[in-house]
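Spelled out from the first residue to the last, the chains are:
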Amino acid sequence: DVKVTQSSRYLVKRTGEKVFLECVQDMDHENMFWYRQDPGLGLRLIYFSYDVKMKEKGDIPEGYSVSREKKERFSLILESASTNQTSMYLCASSGGQGWGYGYTFGSGTRLTVV
Amino acid sequence: GIQVEQSPPDLILQEGANSTLRCNFSDSVNNLQWFHQNPWGQLINLFYIPSGTKQNGRLSATTVATERYSLLYISSSQTTDSGVYFCAVDQIHQGAQKLVFGQGTRLTINP
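Predicted, not measured: the structure shown is a model, and the values here were computed from it. (Residues numbered from 1 in each chain as written. Chains lettered and ligands numbered in written order. Predicted model: local features only at pLDDT ≥ 70, side-chain atom pairs only at ≥ 80, totals over all residues. Heavy atoms only, no water.)

Enquirer: Any chance you could break down the overall build of chain A for me, citing the residues and the numbers?
Expert: What chain A contains, in helices and strands, is 0 helices and 12 strands. Written out in order from the N terminus, the α and β elements of chain A read β-β-β-β-β-β-β-β-β-β-β-β. Relative to the 2.2 N^0.38 estimate, which gives 13 Å for 114 residues, the radius of gyration of chain A is 13 Å and therefore close to what a compact globule would have. Each of the three principal axes of chain A carries a C-alpha extent, and together these read 40 × 25 × 25 Å. Taking all 114 residues of chain A together, 48% fall into the buried category. Of the contacts formed within chain A by residues at least 6 apart in sequence, a portion of 56% connects residues at least 24 apart. Carbon and sulfur atoms make up 50% of the accessible area of chain A, which totals about 5400 Å². Within chain A, the 14 negative side-chain charges are centred at a point lying 6 Å from the centre of the 15 positive side-chain charges. (Helix = DSSP H or I, 4+ residues; strand = E, 2+ residues; numbered from the N terminus. Rg over C-alpha atoms; globule rule 2.2 N^0.38 Å. Buried < 20%, exposed > 50% of the residue type's maximum accessible area, 1.4 Å probe, protein only. Contact = heavy atoms within 4.5 Å. Areas by Shrake-Rupley, 256 points an atom, 1.4 Å probe, with all protein chains shown as cover. Lys, Arg positive; Asp, Glu negative; His and termini not counted. Charge placed at Lys NZ, Arg CZ, Asp CG, Glu CD.)

Given below as structure tokens:
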């Protein structure tokens, strides 16, 4: 089975801190994604990447950046954390280009910014 | 962009009951998945079902792509089935595929 691992289940950070959320997948998938989930707003796409060193903005990229230096690792960076970035963050990966590939999600990181 | 609507938003049932969750989407899709989010937040992939019918134990799903809907059936519900069920479809965005989620159906199974 594809495994997507997020480095932390729970994080508490202070306003203004730089925050790194790490995601690693072990199935050589080309595509990786970062979502955030908030009550009443569902899952929203922040950034995605379909190849090493490639990145594309999703629906809500403001306040975030990403890094993909290796195929298996996709990092989400909060340059200066703010309280409105308190959320559940979910990483996903999918294999191949084009259609026909399912998505697998990590277990999520619940981030609280105080 | 594509719209994904799920119904009902909330469903409360007794253990042993059967349930049907619906997902409507506004445009043709090449990929549709059903997920279960457990109380700890983990999204578990239930079905990858762009068309046709699949079954896995007490769960089954049917997608009628031409009519733009999918159904998830849960039979003989158990308390461990509680959680939020999401339908998600693929959308091309800047030449790459991304997943668009519905708002989910919160299922509560009471003992």
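Enquirer: Give me the packing of aromatic side chains: which residues, what numbers.
Expert: Summed over all chains, the structure comprises 9 aromatic pairs over all chains. Where F33 of chain A meets F48 of chain A, the ring centres are 6.0 Å apart and the plane angle is 20 degrees; that geometry is what we call stacked. On the criterion of sequence distance, the pair formed by F33 of chain A in strand β5 (residues 31–38) and F48 of chain A in strand β6 (residues 42–49) is long-range, its members being 15 residues apart. Each member of the pair, F33 of chain A as well as F48 of chain A, carries the same accessibility label: buried. Seen from their ring centres, Y64 of chain A and Y89 of chain A are 6.0 Å apart, and the 65 degrees between their planes marks the pair as edge-to-face. Placement of the pair is Y64 of chain A in strand β8 (residues 64–70) and Y89 of chain A in strand β10 (residues 87–94), with a sequence separation of 25 residues. Residue classification places Y64 of chain A among the buried positions, given a relative accessible area of 7%. Residue classification places Y89 of chain A among the buried residues on the basis of a relative accessible area of 0%. Among the aromatic residues, those joined into a cluster by ring pairs are Y35 and F105 of chain A together with F35, F86 and F101 of chain B. Residue placement shows R22 of chain B over the ring face of Y69 of chain B; its charged tip is 4.3 Å from the ring centre. (Phe/Tyr/Trp six-rings, centres within 6.5 Å; stacked < 30°, edge-to-face > 60°. Lys NZ or Arg CZ within 6 Å of the ring centre and 35° of its normal.)

Enquirer: Tell me about the nonpolar core, and please be specific about residues and values.
Expert: Within the largest apolar cluster, 22 residues are counted, with the highest numbers of intra-cluster contacts made by C23, F25, L32, W34, L72, V89 and L107 of chain B. Listing elements by their share of this core, those giving two or more residues are β2 (10–14), β3 (19–25), β4 (32–37), β7 (59–64), β8 (69–74), β9 (83–93) and β11 (105–110) of chain B. In this structure L32 of chain B touches C23, F25, F47, Y48, I49, P50, T63, S70, C87, A88 and V89 of chain B, once residues within four positions along its chain are discounted. Membership of the second largest hydrophobic core comes to 20 residues, among which are I46, Y47, F74 and L78 of chain A. (Core = buried A, V, L, I, M, F, W, Y, C linked by side-chain atoms within 4.5 Å.)

Enquirer: Could you give an account of the side chain of D90 of chain B, naming the residues involved and the relevant values?
Expert: The residue D90 of chain B is located in strand β9 in this model. Within the local environment of D90 of chain B, its side chain forms a polar contact with the side chain of Y103 of chain A, the two groups lying 2.8 Å apart. (Polar contact = N/O pair within 3.5 Å; in protein donor to acceptor, adjacent residues only side chain to side chain.)

Enquirer: Break down the sheet that holds β7 of chain B for me, citing the residues and quoting the values.
Expert: All names here are of chain B. Here we have 5 strands laid out as an open sheet, ordered β1-β3-β8-β7-β6, and antiparallel in their pairing. What marks the edges here is a single partner per strand, and that holds for β1 (4–7) and β6 (52–56). Averaged over all pairs of adjacent strands, the angle between strand axes in this sheet comes to 15 degrees, irrespective of strand direction. In the sheet, β3 pairs with β8 via 6 bridges, with the strands oriented antiparallel. What sits directly across from N24, in β8, is Y69. (Pairing = 2+ DSSP bridges. Axes fitted to C-alpha atoms, helices over the stretch in contact; angles between N-to-C directions.)

Enquirer: Now, about the side chain of S82 of chain B: what can you tell me, with residues and values included?
Expert: Residues and elements named next belong to chain B. Mapped onto the elements, S82 comes out in the loop between β8 and β9. A distance of 3.0 Å separates a polar atom in the side chain of S82 from the backbone oxygen of T79. Residues in contact with S82, not counting those within four places in the same chain, are H36, P39, L107, T108 and I109.

Enquirer: Before we move on, can you summarise the environment of C23 of chain B with the specific residues and values?
Expert: Residue and element names in this part refer to chain B. Checked against the element boundaries, C23 lands in strand β3. Assessed through its relative accessible area of 0%, C23 is described here as buried. Once the C-alpha coordinates of C23 and E5 are considered, the two residues, 18 residues apart in sequence, prove to be 5.7 Å apart. Beyond its immediate sequence surroundings of up to four residues, C23 is in contact with V4, E5, Q6, L32, W34, R68, Y69, S70 and C87.

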